[in-house]
Amino acid sequence: MKKYEAIFILDMRKVEDDGKAFSEEFAKMIQNWGGVVNETNLMGRKQFAREIKKRKAGVYVNFVFELDAEKETPIREQFRLDERVLRIMIILFDRPDNVRSTLAAIDVAE
């Protein structure tokens, strides 16, 4: 199993609870596929520099999870069609163990 980090930008108009229900749904889906969700971070509402699908802001949710490599593509396909999701980014997780968040890693490096 590989370790991934996924960031979802959700449409504020279609998500009422700041992404809590979405994060529970995502965690359940990963567990059903034999994976493990290690960390969930509800990052809240943020303004966009440029509009995405005529929206000026969105709700950001960050996940760190472990899953088989061949099941990463179906995640993209499933959420690409979900109208709650404006953007999705899934990358391999390679953060050092002693740093808690990606933003903290940037601050330490500078």
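See the structure above.
What you see is a predicted model; the values in this text were computed from it and never measured.

Novice: Got a minute to help me understand the environment of Phe63 in this structure?
Specialist: With respect to the helices, strands and loops of the structure, Phe63 is situated in strand 3 (residues 55-67). For Phe63, a relative accessible area of 0% corresponds to the buried category. In this structure the C-alpha to C-alpha distance between Phe63 and Ala6, which are 57 residues apart in sequence, comes to 5.1 Å. Contacts of Phe63, omitting those with residues within four sequence positions, involve Tyr4, Glu5, Ala6, Phe8, Phe22, Ser23, Phe26, Glu39 and Thr40.

Novice: In this structure, what is going on with the sheet that holds strand 1 (residues 2-11)? I would like to understand it.
Specialist: Where strands meet in a sheet, backbone hydrogen bonds hold them as pairs that are either parallel or antiparallel. Strand order across the open sheet formed by four strands is 2-3-1-4, with antiparallel pairing between neighbours. The sheet is open, and its two borders are formed by strand 2 (36-52) and strand 4 (85-92), each paired with just one other strand. Looking at each pair of strands side by side, their axes are set apart by 20 degrees on average, direction ignored. As defined by bridge partners, strand 2 adjoins strand 3 across eleven bridges and the pair is classed as antiparallel. Looking at strand 3, one finds that Asn41 is bridged to Asn62. Here helix 1 (residues 20-32) sits on the sheet and contacts strand 1, strand 2, strand 3 and strand 4; the angle it forms with strand 3, its principal contact strand, is near 25 degrees. Taken strand by strand, helix 2 (residues 72-80) contacts strand 1, strand 3 and strand 4, and its axis lies near 170 degrees from that of strand 4.

Cut-offs and rules
- Residues numbered from 1 in each chain as written.
- Predicted model: local features only at pLDDT ≥ 70, side-chain atom pairs only at ≥ 80, totals over all residues.
- Heavy atoms only, no water.
- Helix = DSSP H or I, 4+ residues; strand = E, 2+ residues; numbered from the N terminus.
- Buried < 20%, exposed > 50% of the residue type's maximum accessible area, 1.4 Å probe, protein only.
- Contact = heavy atoms within 4.5 Å.
- Pairing = 2+ DSSP bridges.
- Axes fitted to C-alpha atoms, helices over the stretch in contact; angles between N-to-C directions.

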